[in-house]
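# Coordinates in review
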Amino acid sequence: MTETATRATPRQRVRAELIAEIKEVARRHLAEHGADGLSLRAVAREVGMVSSAVYRYFPSRDDLLTALIIDAYEAVGAAAEDADATVRRRADLMGRWLALATATRAWAVAHPQEWALIFGSPIPGYRAPTDTVDPAARIPILLLALSTEAAERRGGVPLPDERSVPRAVHADLKVLRDASGWGLPDPDLAHGIAAWTSLVGSISFELFGHLHNVIHDYEAFFVHQMRAVGLDLGLEAGGR
């Protein structure tokens, strides 16, 4: 395909610029009013458009929310992937986990409203479409990749765990394994899900003020906590 064929037309460039401006204004409104208070009319007024014009780009408030949610997932996912890629010693699974975890936290601290949008309270009346699934999976996929490498180095032996996985959870993990194609045994998958919830939960506790006057050096505590999570994932042995 030639450069001429791939170059955006003036109309396409104007459309892309308008969409970017609408989303930027919407992010500011999120910070000021929260997701519940996001209004297409208010966003249109600030952009300098009539309401009917902005509907050509986002037919409803939910469409605009979905675009912001996808952008947030893509941005935090890219931050985690970039951090993982910078670890030159790929055998250092613990180092890679800590790199992606701390990059995720750094992104969240820099973008608290967007973090709240994707990991905060559900938005009344909003149902996320399937378009959000792949962007939301970027960090969990990284995590499962690390767990898979660790499992391969153990010769496929499941993680030792004195706490047996409940029978009902076995069924859920089978569905996840069949859908994702990750061949991890149940204890490893269960640890992976727990690691994901620990990562999101720890960051959310910090950002939403639940550790105020409890932990003063959030970063130091976070790294300590994530190192413990990495040990639970078996990454210490995988990095040797």
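Our structure is the block above this text.
Let me sum up the structure you'll find in this document. Please read all numbers here as calculations on a predicted model, not as lab measurements.

What follows concerns the nonpolar core. Judged by nonpolar contacts, the single largest core of 52 residues is most densely connected at I22, L64, W97, L117, L199, M226 and L235. Among the elements that line this core, the one with the most residues is helix α5 (residues 61-86), at nine residues. I22 has contacts with V43, V47, M49, V54, Y57, F58 and L64, leaving out every residue within four places of it along the chain.

Let's shift gears to the environment of L173. Locating L173 in the fold gives a position in helix α10 (residues 167-180). With eleven residues separating them in the primary sequence, L173 and L184 have C-alpha atoms 9.6 Å apart. Look past the residues within four positions of L173 in its chain and what remains in contact with it is V165, D186, L189, A190 and I193.

Quick look at the side chain of R105 now. Inspection of the secondary structure puts R105 in helix α6 (residues 93-110). Here R105 falls in the buried class, since its relative accessible area comes to 13%.

Within helix α7 (residues 112-119), burial applies to E114, W115, L117 and I118. Axial view of α7: buried residues confined to an arc of 155°, hence all on one face. Contact partners of the buried residues in α7: α2 (10-33), α5, α6 and α11 (186-207).

Our focus in this paragraph is unusual backbone geometry. Although it is not a glycine, N213 sits at a positive phi angle of roughly 65°. Inspection of the secondary structure puts N213 in the loop between α11 and α12 (218-232). For N213, a relative accessible area of 58% gives the class exposed.

Turning our eyes to something else, we now look at the pattern of salt bridges. One pass over the full model with this rule turns up 16 salt bridges. The residue D178 makes a salt bridge to K174 at a minimum N-O spacing of 2.8 Å. Taken together, the residues span about one helical turn, with D178 and K174 both in helix α10 at a distance of four residues. The class for D178 is exposed, based on a relative accessible area of 52%. Through salt bridges with shared partners, one network takes in K23, E24, R27, D71 and E114.

Looking at where L146 falls in the secondary structure, it is placed in helix α9 (residues 138-153). Along the sequence, L146 and G192 sit 46 residues apart, while their C-alpha atoms lie 9.4 Å from each other.

The next subject is the packing of α2 against helix α3 (residues 40-47). In contact at an axis separation of 9 Å, α2 and α3 are set at 120° when each is read in the N-to-C sense. The angle between the axes of α2 and α3 places the two elements in the oblique class. Crossing of α2 against α3: the hand is right-handed. Here E21, I22, V25, A26, R28 and H29 of α2 lie close against α3, whose contacting residues are A42, V43, E46 and V47. Broken down by class, the residue content of the contact of α2 with α3 amounts to six nonpolar, one polar and three charged.

The next point concerns α2. Counted at 1.5 Å a residue, the expected span for α2 with its 24 residues is 34 Å, and the 34 Å between its end C-alpha atoms agrees. Structurally, α2 contributes buried residues whose contacts are with α3, α4 (51-54), α5 and α7. Once α2 ends, the next one or two residues include G34, with phi positive near 80°.

Scanning the model with the defined rule gives three aromatic pairs in all. With centroids separated by 5.9 Å and ring planes inclined at 85°, the aromatic side chains of Y73 and F119 adopt a geometry described as edge-to-face. Highlighted residues: Y73 in helix α5 and F119 in helix α7, separated in sequence by 46 residues. Look at F119 and W196: their rings are 5.8 Å apart centre to centre, the planes differ by 75°, and that puts the pair in the edge-to-face class. With F119 in helix α7 and W196 in helix α11, this pair connects stretches of sequence that are 77 residues apart. Ring pairs connect the aromatic residues Y73, W115, F119 and W196, which therefore count as one cluster.

Rules of the game
Residues numbered from 1 in each chain as written. Predicted model: local features only at pLDDT ≥ 70, side-chain atom pairs only at ≥ 80, totals over all residues. Heavy atoms only, no water. Core = buried A, V, L, I, M, F, W, Y, C linked by side-chain atoms within 4.5 Å. Buried < 20%, exposed > 50% of the residue type's maximum accessible area, 1.4 Å probe, protein only. Helix = DSSP H or I, 4+ residues; strand = E, 2+ residues; numbered from the N terminus. Contact = heavy atoms within 4.5 Å. Arc of directions from axis to C-beta. Salt bridge = Lys/Arg side-chain N within 4 Å of Asp/Glu carboxyl O. Axes fitted to C-alpha atoms, helices over the stretch in contact; angles between N-to-C directions. Parallel < 35°, antiparallel > 145°, perpendicular 65-115°, else oblique. Left-handed = near helix turned anticlockwise from the far one by under 90°. Nonpolar A, V, L, I, M, F, W, Y, C, P; charged D, E, K, R; others polar. Expected span 1.5 Å × (residues − 1). Phe/Tyr/Trp six-rings, centres within 6.5 Å; stacked < 30°, edge-to-face > 60°.

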